[in-house]
Amino acid sequence: MKVRYRKRFLKPLARLPVEIRSQIEAFAFEQLPNAQSMAELGFIEDL
């Protein structure tokens, strides 16, 4: 799946505590791009 990351996502992400940020990064940069569809990932929304 093609994913675009906006500055308004990336800037606040950098300010999060490491333990939370690492979980979000794993999802956003590994799981999400490798998924075939949004339905495959469960309930998520555009941010």
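Read on for a plain summary of the structure. The shown structure was predicted, so the numbers you read here are calculated from the model rather than taken from an experiment.

### Focus: the packing of helix 1 (residues 7–15) against helix 2 (residues 18–34)
So, point 1. Between helix 1 and helix 2, whose axes approach to 9 Å, the crossing angle comes to 150°. As the angle between them shows, helix 1 and helix 2 are arranged roughly antiparallel. When you trace helix 1 past helix 2, the crossing you get is left-handed. Between helix 1 and helix 2, the contacting residues are Phe9, Leu10, Leu13 and Ala14 on the first element and Arg21, Ile24, Glu25, Ala28 and Phe29 on the second.
So, point 2. Tallied by class, residues from the contact of helix 1 with helix 2 come to seven nonpolar, no polar and two charged.

### With respect to the packing of aromatic side chains
So, point 1. Going through the model one piece at a time under the given rule, you end up with three aromatic pairs.
So, point 2. A centroid spacing of 4.7 Å and a plane angle of 55° characterise the contact between Tyr5 and Phe29, whose relative ring orientation is tilted. With Tyr5 in the segment before helix 1 and Phe29 in helix 2, the pair connects residues that are 24 residues apart, well separated along the chain.
So, point 3. When its relative accessible area of 30% is taken as the criterion, Tyr5 is described as partly exposed.
So, point 4. Through successive ring pairs, a cluster of aromatic residues spans Tyr5, Phe9 and Phe29.

Cut-offs and rules
Residues numbered from 1 in each chain as written. Predicted model: local features only at pLDDT ≥ 70, side-chain atom pairs only at ≥ 80, totals over all residues. Heavy atoms only, no water. Axes fitted to C-alpha atoms, helices over the stretch in contact; angles between N-to-C directions. Helix = DSSP H or I, 4+ residues; strand = E, 2+ residues; numbered from the N terminus. Parallel < 35°, antiparallel > 145°, perpendicular 65-115°, else oblique. Left-handed = near helix turned anticlockwise from the far one by under 90°. Contact = heavy atoms within 4.5 Å. Nonpolar A, V, L, I, M, F, W, Y, C, P; charged D, E, K, R; others polar. Phe/Tyr/Trp six-rings, centres within 6.5 Å; stacked < 30°, edge-to-face > 60°. Buried < 20%, exposed > 50% of the residue type's maximum accessible area, 1.4 Å probe, protein only.

Read these as layout, nothing more, since geometry by itself doesn't imply function.
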